[in-house]
Amino acid sequence: MPHLAVFREGWSAERFAELALSQIAFIAQPATVADDIGADFHCTLFDTVDVKQRRQLLPRSSFVVQVKSKDRPISLTKHLEYLDRLEVPFFVAVPDRRRRSLRLFSGRYLPYLLALRGPNLSSLTAHLTRAAAITKPGLRASVGGGPRRVSLKMPRLVSLPANARANVRHEVFETLARECRETSLNTFHRLAGQFVFRY
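Scope of this entry: the structure provided in the associated data block. Bear in mind that the values here come from a model prediction, so they are computed numbers and not experimental data.

1. Digging into the overall build of the protein
Phase 1: Looking only at helices and strands, the protein features four helices and nine strands.
Phase 2: Starting at the N terminus, the α and β elements of the protein follow one another as α-β-β-β-β-α-β-β-α-β-β-β-α.
Phase 3: Considering the protein as a whole, with its 199 residues, one finds that 42% of them fall into the buried category.
Phase 4: At a minimum sequence separation of 6, the contacts of the protein that also span at least 24 residues come to 64%.
Phase 5: Entry remark: accessible area of the protein is about 11600 Å², with carbon and sulfur atoms responsible for 51%.

2. Quick word on unusual backbone geometry
Phase 1: Positioned with a positive phi, Q53 is a non-glycine residue whose angle comes to about 65 degrees.
Phase 2: Tracing the chain through its elements places Q53 in the loop between β2 (41-51) and β3 (54-67).
Phase 3: Positive phi, close to 55 degrees, is recorded for R100, a residue that is not glycine.
Phase 4: Structurally, the position occupied by R100 is in the loop between β5 (90-96) and β6 (101-106).
Phase 5: Here R100 falls in the exposed class, since its relative accessible area comes to 58%.

3. Quick word on the nonpolar core
Phase 1: Counting residues in each nonpolar core, the largest one holds 27 residues, and the members touching the most others are L45, V65, F91, L102, L104 and L176.
Phase 2: Mapped onto this core, the elements with two or more residues apiece are α1 (5-21), β2, β3, β5, β6, β9 (149-161) and α4 (166-191).
Phase 3: Apart from residues lying up to four places away in sequence, L104 is in contact with L21, F91, V92, A93, P155, R156, L157, V158 and L176.

4. Here's the deal with the packing of aromatic side chains
Phase 1: Applying the stated criterion to the full structure yields three aromatic pairs.
Phase 2: Judged by centre distance (5.9 Å) and plane angle (35 degrees), the rings of Y109 and Y112 are tilted. The exposure classification of Y109 matches that of Y112, with both residues buried.

5. Details of empty space enclosed by the protein
Phase 1: Following the criterion strictly, the structure yields one cavity of 30 Å³ or more and no others.
Phase 2: Lining the largest cavity, in full, are L83, L86, V88, P89, F90, G107, L110, P111, L114, T183, T187 and R190.
Phase 3: Among the elements of the structure, α3 (110-117) and α4 are those that each provide at least two residues to the lining of the largest cavity.
Phase 4: For the lining of the largest cavity, a count of residues per class yields eight nonpolar, three polar and one charged.

Calculation criteria
Residues numbered from 1 in each chain as written. Predicted model: local features only at pLDDT ≥ 70, side-chain atom pairs only at ≥ 80, totals over all residues. Heavy atoms only, no water. Helix = DSSP H or I, 4+ residues; strand = E, 2+ residues; numbered from the N terminus. Buried < 20%, exposed > 50% of the residue type's maximum accessible area, 1.4 Å probe, protein only. Contact = heavy atoms within 4.5 Å. Areas by Shrake-Rupley, 256 points an atom, 1.4 Å probe, with all protein chains shown as cover. Core = buried A, V, L, I, M, F, W, Y, C linked by side-chain atoms within 4.5 Å. Phe/Tyr/Trp six-rings, centres within 6.5 Å; stacked < 30°, edge-to-face > 60°. 1 Å grid on protein atoms, 1.4 Å probe; cavity = no way out; pocket = protein on both sides within 12 Å on 5 of 7 lines; lining within 4 Å. Points joined across faces, edges and corners; volume = space filled by probe spheres on them. Nonpolar A, V, L, I, M, F, W, Y, C, P; charged D, E, K, R; others polar.

Written out as structure tokens, the structure is:
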């Protein structure tokens, strides 16, 4: 029986993402299809420190990643309940095979969206944007006579080369750690009913 190319492409993208992320994070992934509930990897950033002339990896912030083979709009509708209860930051990773790097797009605006609109949406589509930073909450919602359809902008945060130099790894680590801290804080505020956000 022929094998569908799309499955191979997705598997290849996941392997590339795992290789790139392993330079800066511990990685866990679902053991079976039954455990796959909306994210391909659960990552914990590690800080590299020298203690008594031995290099040690100290765990820091955690986040989840969904890997996609192309940077086109992504339907997150079936994952709304999962995202509504998620207590760690959510990222989308897309391999750039030509540059041999992994692009990470941040779900920093999810707490705003869920605070404003709640999880009971008929449609949620994530748009991966090339902008390195967006100054205003990246939401565009249309509430008409029909079901609510919402678009979420996910700005590109960093690009991580597959074989990054130490200074690049450190820079990406610091950027991700800062993003995780701020997104986690906003997530905790939303879940606690304290709608005071930082951005």
